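Listed here are the chains, written in short residue letters.
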There are 2 protein chains.
Amino acid sequence: MLSSSENIEKLISELTNLPGVGKKSAGRLAYHIANVPKEKIESLVQAIKNVSENIKRCKVCYTLSDGDICNICSSDNRNKKQIMVVENERDLLAYESVGEYKGVYHVLGGALSPLTGVGPNELKIRELMARLSGDIEEVILATNSSVEGETTATYLAKLIKPLNIKVTRIASGVPVGGDIENIDEATLLTAFNGRRTL
Amino acid sequence: MLSSSENIEKLISELTNLPGVGKKSAGRLAYHIANVPKEKIESLVQAIKNVSENIKRCKVCYTLSDGDICNICSSDNRNKKQIMVVENERDLLAYESVGEYKGVYHVLGGALSPLTGVGPNELKIRELMARLSGDIEEVILATNSSVEGETTATYLAKLIKPLNIKVTRIASGVPVGGDIENIDEATLLTAFNGRRTL
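From a predicted model like this one, the values you see are computed outputs, not experimental measurements.

Caption draft 1: Geometry of the overall build of chain A. When helices and strands are tallied, chain A shows seven helices and six strands. Ordered by position in the sequence, the α and β elements of chain A form the string α-α-α-β-β-β-α-β-α-β-α-β-α. Relative to the compact-globule value of 16 Å for 198 residues, chain A shows a C-alpha radius of gyration of 21 Å, a clear excess of over 25%. Principal-axis analysis of the C-alpha atoms places the extent of chain A at approximately 65 × 45 × 35 Å.

Written out as structure tokens, the structure reads:
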């Protein structure tokens, strides 16, 4: 395609490298960037650079952080005795958006997946176990409800239970507002097996 | 929301200002930017800056351009006697993606919309008429199939016809692959009225 501008073409091709950005949205973004005042784009560019150049991993929970210790681990309002184990920082953000959870997190950096070569040493499991030597009341396993996520949760539960720490797993079943007729069989079976007495 | 990093939070808020980027996609993009090697992000940043700081409007067709005249208007492979009139540069890109059209363009910068105060003087209509004093064989009106787009096409057709230049309008009707049962009444009526003898 011969576009009217090579700069635009280059930008569109860079933007399509981003996750979830197709050719159509890249075009829309590129034209937006071309049409909006420079100052607005400068502040976007600065925000991108700040993240790309300065972000670190928190030395406690291994999520993304501005300093050595992230805002959550260094906050006085969070219960350090309750640790929610998540696969990655996007899952952490999802739970933070809910705003209900007041404990801290531990970011594994993925889930166990022997087929793709992800074993316990590829995840921050040793680091999690080191944290558990402190005064911890509950570990909440909030890995995904996929085969890998379930395997990881089972593995961690086996490791942690001997330490006499309460280990919980987030509930799996029919999503809130979910229409039973449209839900897959595995989810229905999980919901049935996980039924509670009312 | 107290995120783990203020830099990430700032970036997410900048990204949600972009068209078509919601909170979820902004989060995914921000974490991608944090996790990808700096060099990749530098080339993205450079591409954004090049577009934001250096892009101009082509002095012939008013689309976005690196120099005074865009790549399309300065190409020897394009038929300068055929001008396709589009509302904006995204519509131009859409037709360029098809790759079939070998003429040049004229970007109006919008469509006539008396209610929102867009009259002929707000669009590049005077500039289009000036181009038509040259050796032009056909003007293709490719404004949107909306009320504003149709109004603009009708207005331009009236202006151009007295110059003895062929004026055409792109076809409107059932989209290719469209399912008649799901198509709105206005489109069905347009398709019926625009029926061709086979």
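Caption draft 2: Structural context of the relation of the copies chain A and chain B. Placing chain A over chain B gives an RMSD of 0.1 Å and needs a rotation angle of 180°, together with 0.0 Å of translation along the axis. Expressed as a symmetry operation, the mapping of one chain copy onto the other fits a two-fold axis. Among all C-alpha atoms of chain A, that of Val45(A) lies closest to the rotation axis, at 3.1 Å. With an isologous cut-off of 70% or more, the 100% of interface residues of chain A that recur at the interface of chain B puts this contact in the isologous class.

Caption draft 3: Structural detail: the packing of aromatic side chains. For the coordinates displayed, the defined rule picks out two aromatic pairs over all chains. Plain terms: the ring middles of Tyr101(B) and Tyr105(B) are 5.2 Å apart, the flat faces sit at 70° to each other, and that makes the pair edge-to-face. No difference in accessibility class separates Tyr101(B) from Tyr105(B), as the two residues are buried. Positioned above the aromatic ring of Phe192(A) is the side chain of Arg195(A), whose terminal nitrogen or guanidinium carbon lies 4.3 Å from the ring centre.

Caption draft 4: Seen up close, helix 4 (residues 89-98) of chain A. Listed in full, the buried residues belonging to helix 4 of chain A are Glu89(A), Asp91(A), Leu92(A), Leu93(A) and Glu96(A). Close packing links the buried residues of helix 4 of chain A with strand 1 (56-57), strand 2 (64-65), strand 3 (79-86) and strand 4 (103-107) of chain A together with helix 1 (6-15) and helix 2 (23-35) of chain B. Capping of helix 4 of chain A at its N-terminal end is provided by Asn88(A); its side-chain oxygen lies 3.0 Å from the backbone amide nitrogen of Arg90(A).

Caption draft 5: Broad picture of the packing of helix 1 (residues 6-15) of chain A against helix 3 (residues 38-54) of chain B. The contact between helix 1 of chain A and helix 3 of chain B brings their axes to 9 Å, and the two run at 145°. Every pair of crossing elements has a handedness; the one defined by helix 1 of chain A and helix 3 of chain B is left-handed. Judged by residue contacts, Asn7(A), Ile8(A), Lys10(A), Leu11(A), Glu14(A) and Leu15(A) of helix 1 of chain A engage Lys40(B), Ser43(B), Leu44(B), Ala47(B), Ile48(B), Asn50(B), Val51(B) and Asn54(B) from helix 3 of chain B. Class assignment for the residues of the contact of helix 1 of chain A with helix 3 of chain B results in seven nonpolar, four polar and three charged.

Caption draft 6: Highlighting the domain arrangement of chain A. Each assigned domain of chain A is listed with its residue range as follows: domain 1 (6-52) and domain 2 (78-197). For domain 1 of chain A and domain 2 of chain A, the distance between their C-alpha centroids amounts to 35 Å.

Caption draft 7: Broad picture of the pairing of strand 6 (residues 166-169) of chain B. Pairing of strand 5 (residues 138-141) of chain B with strand 6 of chain B, which is carried by four bridges, proceeds in the parallel orientation. Residue pairing in the sheet places Leu141(B) in a bridge with Arg169(B) of strand 6 of chain B.

Caption draft 8: Spatial organisation of the sheet that holds strand 3 of chain A. All names here are of chain A. Reading across the sheet, the four strands line up as 4-3-5-6 and stay open at both edges, with parallel pairing between neighbours. Edge positions in the sheet fall to strand 4 and strand 6 (166-169), since each of these pairs with one other strand and no more. Each strand of the sheet is rotated relative to its neighbour by a mean of 25°, with strand direction disregarded. By the bridge criterion, four bridges tie strand 3 to strand 5 (residues 138-141) in an arrangement that is parallel. When the sheet's bridge partners are listed, methionine 84 is paired in strand 5 with isoleucine 140. In the packing of helix 4 onto the sheet, contacts are made with strand 3 and strand 4, and the angle to strand 4 comes to roughly 160°. Contacts from helix 6 (residues 147-160) reach strand 3, strand 5 and strand 6, with the element oriented near 170° to strand 6.

Caption draft 9: Focus on the pairing of strand 5 of chain B. Alternating residues of strand 5 of chain B divide into Glu138(B) and Ile140(B) and Val139(B) and Leu141(B), and every residue in both groups is buried. Since strand 5 of chain B and strand 6 of chain B lie parallel, the crossover through helix 6 (residues 147-160) of chain B that links them has a hand, and here it is right-handed.

Caption draft 10: Quick look at the packing of helix 1 of chain A against helix 2 (residues 23-35) of chain A. Residue and element names in this part refer to chain A. Here helix 1 crosses helix 2 at 130°, and the two axes come no closer than 9 Å. As summarised for this structure, helix 1 and helix 2 are arranged oblique, according to the angle between their axes. Remark: the crossing between helix 1 and helix 2 carries right-handed chirality. Facing helix 1, whose interface residues are Ile8, Leu11, Ile12 and Leu15, helix 2 presents Ala26, Gly27, Leu29, Ala30, Tyr31, Ile33 and Ala34.

Caption draft 11: Highlighting the interface of chain A and chain B. Taken together, the contacts link 59 residues of chain A with 59 residues of chain B. A combined buried area of about 5,200 Å² lies between chain A and chain B, and 66% of that area is made up of carbon and sulfur atoms. At the junction of chain A with chain B, the criterion picks out zero salt bridges. Counting across the chain A and chain B interface gives 16 residue pairs in polar contact (both at pLDDT 80 or more). Listing elements by their share of the side of chain A that touches chain B, those giving two or more residues are helix 1, helix 2, helix 3 (38-54), strand 2 and helix 4 of chain A. Among the elements that take part in the side of chain A that touches chain B, helix 3 of chain A stands out by supplying 15 residues, more than any other. Residues that form the side of chain A that touches chain B fall into these classes: 25 nonpolar, 18 polar and 16 charged.

Cut-offs applied
Residues numbered from 1 in each chain as written. Chains lettered and ligands numbered in written order. Predicted model: local features only at pLDDT ≥ 70, side-chain atom pairs only at ≥ 80, totals over all residues. Heavy atoms only, no water. Helix = DSSP H or I, 4+ residues; strand = E, 2+ residues; numbered from the N terminus. Rg over C-alpha atoms; globule rule 2.2 N^0.38 Å. Least-squares fit on C-alpha atoms with pLDDT ≥ 70 in both. Contact = heavy atoms within 4.5 Å. Phe/Tyr/Trp six-rings, centres within 6.5 Å; stacked < 30°, edge-to-face > 60°. Buried < 20%, exposed > 50% of the residue type's maximum accessible area, 1.4 Å probe, protein only. Lys NZ or Arg CZ within 6 Å of the ring centre and 35° of its normal. Polar contact = N/O pair within 3.5 Å; in protein donor to acceptor, adjacent residues only side chain to side chain. Axes fitted to C-alpha atoms, helices over the stretch in contact; angles between N-to-C directions. Left-handed = near helix turned anticlockwise from the far one by under 90°. Nonpolar A, V, L, I, M, F, W, Y, C, P; charged D, E, K, R; others polar. Domains from an automatic or database assignment. Pairing = 2+ DSSP bridges. Right-handed = clockwise from strand over helix to strand, strands pointing away. Parallel < 35°, antiparallel > 145°, perpendicular 65-115°, else oblique. Buried area = accessible area lost by both parts, 1.4 Å probe. Salt bridge = Lys/Arg side-chain N within 4 Å of Asp/Glu carboxyl O.

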